[in-house]
Amino acid sequence: MQIEINIDDETPLFTQLIEQIKNAVLSGVISAGDPLPSIRQLANDLDLNNKTVAKAYKLLERDEVIITRGYRGTFIHENARKNSTKDLNGLVIQELTKTIETLKASGATDSEIRIAFADAMKTERN
Amino acid sequence: MIDTILTYIALAGQLYVLSYYYPKLLADRMSYVIDNHPASEFPKLYPFKNGEEKAKEGLVQFKFITTLILIIGILLLLDSIAFQFSFGDSAATALVAGFALIQIAPFIWIEISELKQYSMMRAKIKTSKRTADLKPRKYFDYASPVTFSIAVLLLITYLIFNFYRNGFSLVGDGMITFGALLIMHIFFAFLVYWVMRGQKINPHLSAEDRDRHITGTVKNTLYVSIIASLFLLVFGLIQHYDLDHYEAMSISIYWQLIAHLGIGTMLRENKLEDLNFDVYRDDTAAS
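Residues numbered from 1 in each chain as written. Chains lettered and ligands numbered in written order. Predicted model: local features only at pLDDT ≥ 70, side-chain atom pairs only at ≥ 80, totals over all residues. Heavy atoms only, no water.

(A) Local environment of the environment of F277(B). Residue and element names in this part refer to chain B. Of note, F277 is situated in the segment after α8 (247-269). The buried category is assigned to F277, whose relative accessible area is 10%. Between the C-alpha atom of F277 and that of V33, which follows or precedes it by 244 residues, the distance is 9.2 Å. (Helix = DSSP H or I, 4+ residues; strand = E, 2+ residues; numbered from the N terminus. Buried < 20%, exposed > 50% of the residue type's maximum accessible area, 1.4 Å probe, protein only.)

(B) Focus on the nonpolar core. Counting residues in hydrophobic clusters, the biggest one holds 66 residues, and the most contacted among them are L45(B), L181(B), W255(B) and Y280(B). If one sorts the elements of this core by residue count, helix α7 (residues 207-240) of chain B sits on top with eleven residues. Membership of the second largest hydrophobic core comes to 23 residues, among which are I5(A), I18(A), A24(A) and A56(A). (Core = buried A, V, L, I, M, F, W, Y, C linked by side-chain atoms within 4.5 Å.)

(C) A look at the interface of chain B and chain A. Facing the 17 residues of chain B at the interface are 23 residues of chain A. Summed over both sides, the interface of chain B with chain A buries roughly 2000 Å², with 48% coming from carbon and sulfur. Per-residue buried area on chain B facing chain A is highest for R130(B), A132(B) and L134(B); these three make up 39% of the total on that side. At the boundary of chain B with chain A, the tally comes to two salt bridges. R137(B) serves as the salt-bridge partner of D45(A), at 2.9 Å between the closest nitrogen and oxygen. Put simply, chain B and chain A have 15 residue pairs in polar contact (both at pLDDT 80 or more) between them. Contributing elements (two or more residues each) for the side of chain B that touches chain A: β1 (129-133), α6 (173-197) and α7 of chain B. Sort the elements by how many residues they give to the side of chain B that touches chain A and β1(B) lands first, with five residues. (Contact = heavy atoms within 4.5 Å. Buried area = accessible area lost by both parts, 1.4 Å probe. Salt bridge = Lys/Arg side-chain N within 4 Å of Asp/Glu carboxyl O. Polar contact = N/O pair within 3.5 Å; in protein donor to acceptor, adjacent residues only side chain to side chain.)

(D) The arrangement of the sheet that holds strand β4 (residues 74-76) of chain A in detail. All names here are of chain A. On the basis of which strands lie adjacent, the open sheet formed by three strands has the order β2-β4-β3 and antiparallel pairing. Every interior strand has two partners, whereas the edge strands, β2 (35-36) and β3 (66-68), have only one. As judged from the three bridges shared by β3 and β4, these two strands associate in the antiparallel manner. Residue pairing in the sheet places I67 in a bridge with F75 of β4. Relative to the sheet, helix α3 (residues 50-62) contacts β2, β3 and β4, its axis offset from that of β3 by approximately 105°. (Pairing = 2+ DSSP bridges. Axes fitted to C-alpha atoms, helices over the stretch in contact; angles between N-to-C directions.)

(E) Molecular detail of unusual backbone geometry. If you check the backbone angles, E64(A) has positive phi at about 55° while not being a glycine. Checked against the element boundaries, E64(A) lands in the loop between α3 and β3. Phi at D242(B) takes a positive value of approximately 55°, unusual for a residue other than glycine. Summarising the element assignment, D242(B) is placed in the loop between α7 and α8. Looking at D242(B), the relative accessible area reads 59%, which means it is exposed.

(F) Summary view of a nonpolar patch on the surface. Residues and elements named next belong to chain A. A contiguous nonpolar patch, built from V92, L96, I100, F117 and M121 and spanning about 390 Å² of accessible area, is present on the exposed surface. For the nonpolar patch, the secondary structure elements donating two or more residues are α5 (88-105) and α6 (110-125). Considering every element that reaches the nonpolar patch, the biggest residue donor is α5, with three residues. Locating I100 in the fold gives a position in helix α5. Assessed through its relative accessible area of 33%, I100 is described here as partly exposed. (Patch = residues over 30% accessible without salt bridge, like charges linked within 9 Å, V, L, I, M, F, W, Y side chains within 5 Å. Areas by Shrake-Rupley, 256 points an atom, 1.4 Å probe, with all protein chains shown as cover.)

(G) Focus on the packing of helix α1 (residues 2-36) of chain B against α8(B). Residue and element names in this part refer to chain B. Their axes nearest at 8 Å, the elements α1 and α8 cross at an angle of 20°. Between α1 and α8, the angle is such that the two are roughly parallel. As α1 packs across α8, the resulting crossing turns out to be left-handed. Counting all contacts with α1, which are made through L6, T7, A10, L11, G13, Q14, V17, L18, Y22, L25, L26 and R29, the residues of α8 involved are A248, M249, S252, W255, Q256, A259, H260, I263, G264 and L267. (Parallel < 35°, antiparallel > 145°, perpendicular 65-115°, else oblique. Left-handed = near helix turned anticlockwise from the far one by under 90°.)

Set out below in structure tokens:
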């Protein structure tokens, strides 16, 4: 199965990769247990930085679409089909939009929200 | 006397294989590609300025050089027959081995030109779309386990034989051969890794053609490894039993086998009728 990315597209490259792999799972082209190419192979084939592919794989692993089994390689997760429909990024945008609307309704300005968001992220990281 | 005649026959075979048969096959192949895939229809095939003319010039130069080498070789063979290798066994061996290196030089030149062409193709890519196969490439998808086992077994056999001949010493000529063999196999490992996992050498190659190219390279390295181990075993036996007058013949046969299994395998695995030339068409004209 071939995947295709567009380097001029506004969508980040790692997001395009994630979408392509999820689409391949949803369309049944690849199924649970199927092996995936190594990060280096995919990065070289697409002429991308290894880190871009690694980031896509990391997020797919977090979403349980793929699973890494040490030196044996990366495989499609057994619940990949179900998990590919989850849109965590969409959920984040939806929740943040809701929160921003509530904050604006309370009278908070854009810069106050931005600074508070950055502070909250910093606190969460620490 | 018989060994001298056998050496002449082997040298004649070497001239035919390395300076006539394979150069002709390659030249015919290049002619076919240039004649049937003009720059007007397949612009991506000629990334250089006036690429089609340069390709034609390159073909003429290749034919001229290989013909010149063939003529020199025939003259050397006739001279050897006339003087019956009067310069001695070791000189005959050096002549056969040295001339083989001259004979393979045009093939190396073609290979380097091809790499330059691919590098230029990469530099000229304008498309923003990039594709990749979502399938891992594994070594044994391309190599037969039987051929691989034979290559490993022969290599181990040779190494044991080499150590035995050297009285299990870690110094001397045996270690030089061992080092050369080790470097050759490390180079093969890098080459196979590069074609399997590295960047596409030819950026326009279709997935099927890339698989064919990888298969050719993998088989090539295995066959060359087998031939090298076999040759070194035979060469070791020749030296062990003081059969120096067969050295030149064995080297000549070695080079002919390398040509058959090296160049021959690449040509067999990448048949012109199987290759997809549509990838070299202009993007707007591609189907």
